[in-house]
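Geometric and topological summary
Letter by letter, the chains look like this.
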Amino acid sequence: MQTLKRILVASVGPDGLETALAKAAYLEHYSGCEIEVFQVLWDEAESEALPEEVKQTLRDGLLAGEQKDLDQILVGARDKAASVSGQVVWHKNSDRAILDYIEERSIDLVVVPSAHHSLSDHFLTPLDWQLIRQAKCPVLISKSEPWNNDANVLAAVDTGDNTQEALNQEIFDKSVAMAELLDAELHLVSVYPDLDFSFDPKRGPVAFDQLKADMRDVREVGMQALIADMNSAKVPTTHILEGKAARTIPRLANDLNAVVTLFGTHGRHGIGKWILGNTAESAMSQLRG
């Protein structure tokens, strides 16, 4: 994981912003990076059949009010971080505005407050999901209270899939760096499918014991290869678990009280999202931290 130079705290309103900013400040304390807050504002009145000068007055007034509220939040943040700046911009597509800003400013990490998720998210994707699908840098979804000094970090890797080696290595590297920044214990988890007992008319009962043992062994070998060359005094705890990843990983994260859980995502869209789903998004909705 590269040295953090710029952290972006992105939002579309004040909900969860102070907690997200506190986490960014925690990372700034150990990395010396810059923190930028980028808040996107839009009001449906913009679409009303109003004279342009009236719309401009409306925009200016709303932006001034939001900027004043943000400035008050930043006053408190500057007691905890050396370099914090913030702005509110007017844009109809919040995700597009933030993604463009990420590229323009060469952001190293985005911190975004978690949205409240519901069934409608499959039609109207919330900001946090849009960013983890499209941002060209790591995205930290802020769900819980600010971090403390007694922490666990959990990283989910698929060590049973040879095509995922590069992604596994990237997740692992970032999890090691995050654990070091937080002075946290690192845990790694890889999940293999839960195969239920079945009955084959020709072979009789099939318990899948050997197949499950083979899948577990493959993941264990991949896990050990992943951590073999790590340069850290703290050896991570590894977990090879049977089950559905979207349920098993958040259950382990909650049992560990993990303050950060790292996933990789393929960022599927459209039909692919409906048919194949997205484990990271499904699991995140069940996390407490």
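Here, the structure is the one placed above.
Residues numbered from 1 in each chain as written. Predicted model: local features only at pLDDT ≥ 70, side-chain atom pairs only at ≥ 80, totals over all residues. Heavy atoms only, no water.

1. Overview of the packing of helix α1 (residues 17-31) against helix α2 (residues 52-77)
At a closest axis distance of 11 Å, the pairing of α1 and α2 adopts a crossing angle of 35°. Like other packed secondary-structure pairs, α1 and α2 cross with a definite hand, here right-handed. On α2, the residues touching Leu17, Glu18 and Leu21 of α1 are Leu70, Ile73, Leu74 and Ala77. Class assignment of the residues belonging to the contact of α1 with α2 gives a composition of six nonpolar, no polar and one charged. (Axes fitted to C-alpha atoms, helices over the stretch in contact; angles between N-to-C directions. Helix = DSSP H or I, 4+ residues; strand = E, 2+ residues; numbered from the N terminus. Left-handed = near helix turned anticlockwise from the far one by under 90°. Contact = heavy atoms within 4.5 Å. Nonpolar A, V, L, I, M, F, W, Y, C, P; charged D, E, K, R; others polar.)

2. Here we look at the packing of α1 against helix α5 (residues 165-182)
Look at α1 against α5: their axes get within 9 Å of each other, and the N-to-C directions meet at 90°. The angle between α1 and α5 falls in the class roughly perpendicular. In contact with Tyr26, Leu27 and Tyr30 of α1, α5 contributes Met178, Leu181 and Leu182. Residues that form the contact of α1 with α5 fall into these classes: six nonpolar, no polar and no charged. (Parallel < 35°, antiparallel > 145°, perpendicular 65-115°, else oblique.)

3. Description of the nonpolar core
Val9, Leu21, Leu27, Val153, Leu182 and Val260 are the most contacted members of the largest nonpolar core, which has 50 residues in total. Leaving out residues up to four positions away in the same chain, valine 9 has contacts with Leu17, Ala20, Leu21, Ala24, Ile35, Glu36, Val37, Phe38 and Val111. Within the second largest apolar cluster, 31 residues are counted, among which are Phe38, Ala97, Val112 and Ala156. (Core = buried A, V, L, I, M, F, W, Y, C linked by side-chain atoms within 4.5 Å. Buried < 20%, exposed > 50% of the residue type's maximum accessible area, 1.4 Å probe, protein only.)

4. Overview of the sheet that holds strand β1 (residues 6-11)
Across the sheet, which stays open at both edges, the five strands sit in the order β3-β2-β1-β4-β5 with parallel pairing between neighbours. Among the strands making up the open sheet, the edge pair consists of β3 (84-90) and β5 (139-142). Averaged over all neighbouring strand pairs, the angle between strand axes comes to 20°, with direction disregarded. The pairing of strand β4 (residues 109-113) with β5 spans four bridges and is classified as parallel. Residue pairing across strands places valine 111 opposite leucine 140, the latter belonging to β5. Of the strands in this sheet, β2 (34-41) and β3 touch α2, which is tilted by about 160° from β3. Lying on the sheet, helix α4 (residues 127-134) is in contact with β1, β4 and β5; it crosses β4 at an angle near 160°. (Pairing = 2+ DSSP bridges.)

5. Points about helix α6 (residues 209-227)
Counted at 1.5 Å a residue, the expected span for α6 with its 19 residues is 27 Å, and the 27 Å between its end C-alpha atoms agrees. Within α6, burial applies to Lys212, Met215, Arg219, Met223, Leu226 and Ile227. Viewed along the axis of α6, the buried residues span an arc of 95°, placing them on a single side of the element. Exposed and oriented more than 90 degrees from the buried face of α6 are Gln210, Val221 and Ala225. The secondary structure elements touched by the buried residues of α6 are α5, β7 (185-192) and β10 (237-242). (Expected span 1.5 Å × (residues − 1). Arc of directions from axis to C-beta.)

6. What about the pairing of β1?
Across the six residues of β1, five count as buried, placing the element largely inside the fold. Pairing geometry for β1 and β2, over six bridges, is parallel. Across the sheet, the residue bridging to valine 9 is valine 37, located in β2. Note: β1 against β4, three bridges, orientation parallel. Note on β4: the bridge partner recorded for isoleucine 7 is leucine 109.

7. Some points on the pattern of salt bridges
This structure, assessed with the given rule, holds eight salt bridges. As a salt-bridge pair, aspartate 100 and arginine 96 come within 3.1 Å of each other at their nearest N and O atoms. Taken together, the residues span about one helical turn, with aspartate 100 and arginine 96 both in helix α3 (residues 94-105) at a distance of four residues. Where lysine 174 meets glutamate 170, a salt bridge forms, and the shortest distance between an N and an O atom there is 3.2 Å. Of this pair, lysine 174 and glutamate 170 both sit in helix α5, four residues apart, roughly one helical turn. Among the residues examined, lysine 174 registers a relative accessible area of 15% and is labelled buried. Here the salt bridges share partners, and the residues they tie into one network are Arg6, Glu34, Glu36 and Arg105. (Salt bridge = Lys/Arg side-chain N within 4 Å of Asp/Glu carboxyl O.)

8. As for α3
Its twelve residues place the ends of α3 16 Å apart at the C-alpha level, agreeing with the 16 Å of an ideal helix rising 1.5 Å per residue. Residues of α3 that are buried: Ser94, Asp95, Ala97, Ile98, Leu99, Tyr101 and Ile102. Count one or two residues on from α3 and you reach serine 106, which has phi positive near 50°.

9. Let's talk about the packing of aromatic side chains
Under the defined criterion, the tally for this structure stands at two aromatic pairs. With 4.3 Å between their ring centres and 20° between their planes, phenylalanine 38 and tyrosine 101 make a pair best called stacked. Taken together, the residues phenylalanine 38 in strand β2 and tyrosine 101 in helix α3 connect sequence positions 63 residues apart. Classification of tyrosine 101 by relative accessible area gives buried; the value is 11%. Here the aromatic rings of tryptophan 42 and tryptophan 90 are separated by 5.5 Å at their centres, their planes lie at 45°, and the arrangement is tilted. A residue pair is termed long-range when its members are at least 10 positions apart, and tryptophan 42 in the loop between β2 and α2 and tryptophan 90 in strand β3 qualify at 48 residues. (Phe/Tyr/Trp six-rings, centres within 6.5 Å; stacked < 30°, edge-to-face > 60°.)

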